[in-house]
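Residue strings, one per chain:
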Amino acid sequence: MFGDLFEEDFPYIPENHIEKGSKSKYVDPEPPPPRGATNLSGIQNQGGTCYLNSLLQTLHFTPEFREALFALDPEELGCLEDKDDPDAKVRIIPLQLQRLFAQLLLSDQQAVSTTDLTNSFGWNNSEEMRQHDVQELNRILFSALESSLVGTSGHDLIKRLYHGTIVNHVVCRECENISERQEDFLDLTVAVKNLSGLEEALWSMYVEEEFFDAENLYHCGTCDKLVSATKSARLRKLPPFLTISLLRFNFDFAKCERYKETGCYTFPLQMDLKPFCEQGELDDSEYVYDLFSVIIHKGGCYGGHYHVYIKDVDQLGNWQFEEDESEVVAKAKKSLKDLPRVQETDNPLAVLKNILSQEENKLIPVDQLGQKLLASIEISWNKKFRKQHGPLLKFLHAHSDVFLLSSNPSKVCLRRDTSPSQEPLVECKQPGPVTPSCGESLKASGAEPARALRPEVGAEGPHWFDINDSQVEPIQEADIEKQFQGKESAYMLFYRKTQLQRPPEAQSNPQYKVPIHLLREVCEANSELQKKRADYDSVVNNLGLHLHLGPCYEFYDGALHPSSSRTEDCTLDLTIDKRKTLGDLRRLVFQLLEFWEGDLVLSLAKLVPAGLHVCEALEGDELTLHEIEMTDGEDIFVWNGMEVGGVKIPTGDDAVPILLNIFQLTNNSDGEKGQPFLETHHVFPSNAEVGTIFTALGYPVGIILVNVTGSQVLELENWTVIPKENFGRTFREQGLQDGSSVWLVSSSSCDQSLMMAGGRRMNSLSNFNWMQVKNLCQADSEEEQVKVSATIETMLFDIRIKAIKELGLQEELVNNSCLRLIDRNGQLLSPVPDHYTVAEAEMEMGSLLGLCRGRAPTSSQLFLFFLVGSDLESGLTMEIIVESTISVSECLKKMLEKAGLQGDSWHLRKVDWCFEAGEPLNEENASLSELMVSSGDTLVLSEGKLPPKGFLKVPIWWYHPSVPYGWQESSQDQVNLIAHQVEALRTNPEGDLHGDVQPEIPFTFVGDIEISEEASVADLKSQAMTLPSFLDFCFPSADFLRAWTMESKRPGRLLRNSQQQLKDYKVGERTQICIEPLQKRETLGPKDMLLRTQMGIPGERAYYPTVDFVWDTVSECTASSLRHGVAAHYGLPVDSIEIAKYFPEKFEWMPISSWDQQVSKRKKKKLENLQVAPYCLKDGDVIGVKNLLVDDNRDFSTPRDDVGRENQSKLFGGKRRRRQAVQLQNGVHLESRETEANLHMQEKPHRSEAGLSINVGVFR
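First, a word on scope: everything that follows refers to the structure included in this document. (Residues numbered from 1 in each chain as written. Predicted model: local features only at pLDDT ≥ 70, side-chain atom pairs only at ≥ 80, totals over all residues. Heavy atoms only, no water.)

1. Quick look at the overall build of the protein chain
Now for step 1: When its secondary structure is counted, the protein chain shows 27 helices and 53 strands.
Now for step 2: The long-range fraction of contacts in the protein chain, counting pairs at least 24 apart against all pairs at least 6 apart in sequence, stands at 72%.
Now for step 3: Accessible surface, the protein chain as shown: approximately 64,100 Å² in total, 49% of it carbon and sulfur. (Helix = DSSP H or I, 4+ residues; strand = E, 2+ residues; numbered from the N terminus. Contact = heavy atoms within 4.5 Å. Areas by Shrake-Rupley, 256 points an atom, 1.4 Å probe, with all protein chains shown as cover.)

What follows is the structure, encoded as structure tokens:
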């Protein structure tokens, strides 16, 4: 009802280990990280399942629920291995819940997955991305569990733990008779608006009385009359666990918008319900409840996110409270002054333990620990200990037996001492062959002994944790008060009876009552996880280095190159762990190079197009390779640090050699292979001055033009001149890099046109002295294509004459030919007048021209393309030359004559920008120039005469849905005649337009009508009855017809008011209308909604023919009202039907269910509206009906829906795969995925909430 009640928060995605300079190598996906400092597991968000995660964590931290589920053995529930066996009764949902709870207790993962569980719900990928309400999920999940556990010892699990009763009393004031009615509940829904807190809400519901008097009297059965009375309610039976749903979302009827109640609404940590219950003989402690879970909604009505505060009843977690950042910063400044001095020592472990021992086991940031150390010993860690012990964070990791790092490794505290006799986190104690292997596998999986992973709980008892999908953080009990109000506030409350005490053996024991087969499964999974982590660690931390040996290289052309005199390999490949130090690498290289003598210097090198370049020497043997940012695939140059082959070489990033493409003009006008320039390649240091290029090439000082694109086909307008005052700048400062192109021009031969700073578009560099002409005159010639020398100032007439001569064509073509540009697709463009120059015709030098017969149009003429019909893609394109002053009607006649067509039922349309027939040329007497028609435009000859101004040409379709059940038994002969006439039309479709409509929709195209924009809907119906296809049939009147607009090839909006004008319904030129025959006259009111109902066939996935149902929505438009209306229509009890709306574009059915809100008795109940999301009910919608008296199958889908969804899935999957293939081919797969995720997080469209359901098998 309330739209998007959570935001899509993405599951944890580790950062990719792709670093600068790294070479691509295959890396398996990173294994899930282990549990953090809290020792509790979160749940991965599948894209939109934060509401599910919060509820599952609440159920998991309800030990009685968890253990009752564990008590159900496989003999009762079945085995997951048999789930595909149709003869086996496998209760998949409780089995998957058992596995999930076992993983949350024992799996060494930061967060576990719910994919198997949601698959057991029957959810697909789209369902896991949809947005749902956690209160709705709570009821549906409990219902699914009850259905799944029928016939097992756990059949009453939900009822035993969560079921309670309410009793309503009405007392007659005259006879004092008491009328009593009892209600069951699994959760209490309480109002929030205008109330200060939960206790006031309960007081108004179960203590205050409601009075019936004055005009609001009560009918007493004993007195048999209307009397004054009082009404009250009490809690009769209290469940062990009380669930309370807060109505924070409301609707403002004045503003017609939804809103969230964000005011202060308190709730107690411990609550006594005795004042709200019937007086009984129970002990007072039976009425006392403790809060143990708070599901929190952050956001508004249209978006948000769920997380949960949970009390760790069994003390399974390791509670190490983290202070707020603001408090940490404030306290740090004070503590640095008050910190007692520690005697300076060379033992960093003792110093850090002494500092952290004063923090009362609270996590503090690592950088703050460094500040405290500086204040304590008056010297920083880097100056005192880094050289010997490495960075501070590395030192803390190396002493993990002393220091405890949080899941976010920027915070640290001291571990508490634990008894060596304590057992590991998970150890299988049950007898049998599984015990030794299970225990060993768990130890191998990284589940440390209790000293590391056992929870550390103080004497004060259980603590609270904030579980936000994958993240688990400790909180203080006082933090719960922050959720009383605001956009982030409590949404569901869970209480447990104070009398429910946990056994001592359950405390801090996650194995308690976990079945042996689940222990074995988790043990094996932990072992596999540990192996994957070890393999992944080896892959991501190993660096492949390429060692280039200095004695095997020589320096020339500005870079290092392998020596031609050496026969041995110049490079060695080396693999090393990046956690090793540079000193380790140096020693390893010494061992490999036994022949080496003298100093050994390792330098980073770079392979560039010019060769190998040495960048910088590696220093700091105590630093790890990771700390010096060594990357996979790095090139290392091994030398003496002075010279290579007796030559001192330039080093450093400033001296990187760059390879330039140098162009120089040649003296030969034709140039090499027709090119007027000479191209060479030269290497220059990037820190050399640009002016040195003349000296290096022995070229006279002149003009330098640069094009940094490096393309071989360069436009002159893209070249820029380097001013002489910039000749002293370096190549790098000038922006030159590998592949840049430089053009050297001497000052004496510089063409003035070349130096134009602006002006018209110039020709390409590689082809600027000729044009290509292709012979298209269909005349015999030895040559089909020639090159004609030209410049941008050459006239097209001269190019045409030269081409005719070089092609050896007849002289008669001199006066009967023209040139036409051929585009990249091989299409001929419009002819170009002879008096145009190449520049005036906006042609590029080197372009391909076609020599065609016929003269080019004059300046007063237009060259037009035109097609016949609506199929522009396959239609034959024709050409015509007309005067620009010719009228539209005269142009139409000329085109019809050239196309060989006759008749006056034609009109012209211009082709729009997407090559479709656009708006018609309505003004027949206007000239083409007045209508902005220019040379090269394409017109379309469309059949049909244009309607006069102010009239519309409307296509009419006859719509004949399935014949209603029992209609043939009607006694109305007139109606039977109409049915017979429509059936006759079904077998006689007219026109080609029938193929445009989807075959499953029963439409028949019958023709077009011309009608005034001022006409009414009744006029439209009457004129439609005059179409030739229906002249032989007799319809009583237009009242027996129903008119719809057509949208997406389906009936769209119902034109319900026959007296309304067409323009009021916005019926335009391109609107299509479908007409439906009726059995009787129809007069629909403004609040009547026309629905198509169809009853399901018992025992089959099919329906009887549709029946029209007119629903009056004047009073209300709710699910309850619709259910009553449909039940009355079919003569069935309301409780014996189920209804659902059909979405044909998705092939999905959405059940329409009634639901009530418990609100204060002083306020009127607010009702939902089916005309808004998610149902968006409107005229013409199909409503499926299930008669539960004869059919217990609540599945509304049909085999056709299954096929449709499967085809859609294949279509979308194919599109996704093609899109990913293109992205991978372009090398932007990673970037596009990150961009998409960022955009998704920034812009969240308001999507309608879809119905939530869980599919359960039949176990009765």
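2. Examining the pattern of salt bridges
Now for step 1: A full pass over the atoms with the stated rule returns 38 salt bridges.
Now for step 2: Here Arg-1092 makes a salt bridge to Asp-1108, at a shortest N to O gap of 2.8 Å. One end of the pair, Arg-1092, is in strand S49 (residues 1088-1095); the other, Asp-1108, is in strand S50 (residues 1107-1112), and 16 residues separate them in sequence.
Now for step 3: Judged by its relative accessible area of 4%, Arg-1092 is buried.
Now for step 4: Asp-1202 is the partner of Arg-1205 in a salt bridge, and the nearest nitrogen-oxygen pair spans 2.7 Å. With Arg-1205 and Asp-1202 both in helix H26 (residues 1199-1226), this residue pair falls three residues apart, about one helical turn.
Now for step 5: For Arg-1205, a relative accessible area of 29% puts it in the partly exposed group.
Now for step 6: Put simply, Glu-64, Arg-66, Glu-67, Asp-314, Arg-496 and Arg-502 are held in one network by salt bridges that share partners. (Salt bridge = Lys/Arg side-chain N within 4 Å of Asp/Glu carboxyl O. Buried < 20%, exposed > 50% of the residue type's maximum accessible area, 1.4 Å probe, protein only.)

3. Some remarks on the sheet that holds strand S17 (residues 403-405)
Whether parallel or antiparallel, the strands of a sheet pair through hydrogen bonds between backbone atoms.
Now for step 1: Taken together, three strands build an open sheet; the order of strands is S16-S18-S17 and the sheet is antiparallel. Bordering the open sheet on either side are strand S16 (364-365) and S17, each of which pairs with just one other strand.
Now for step 2: Sheet topology places S16 next to strand S18 (residues 411-414); two bridges connect them, and they run antiparallel. Counterpart to Pro-365 in the pairing with S18 is Lys-411. (Pairing = 2+ DSSP bridges.)

4. Remarks on unusual backbone geometry
Now for step 1: A cis amide bond links Ala-1173 to the next residue, Pro-1174, at an omega of 5°.
Now for step 2: The topology assignment puts Pro-1174 in the loop between strand S52 (1148-1152) and strand S53 (1182-1187).
Now for step 3: Even without glycine at this site, Ser-508 takes up a positive phi of about 55°.
Now for step 4: When you line up the elements, Ser-508 lands in the loop between strand S21 (488-497) and helix H18 (516-541).
Now for step 5: Phi is positive for Cys-1176, which is not a glycine, with a value near 50°.
Now for step 6: For Cys-1176, the location among the structural elements is in the loop between S52 and S53.

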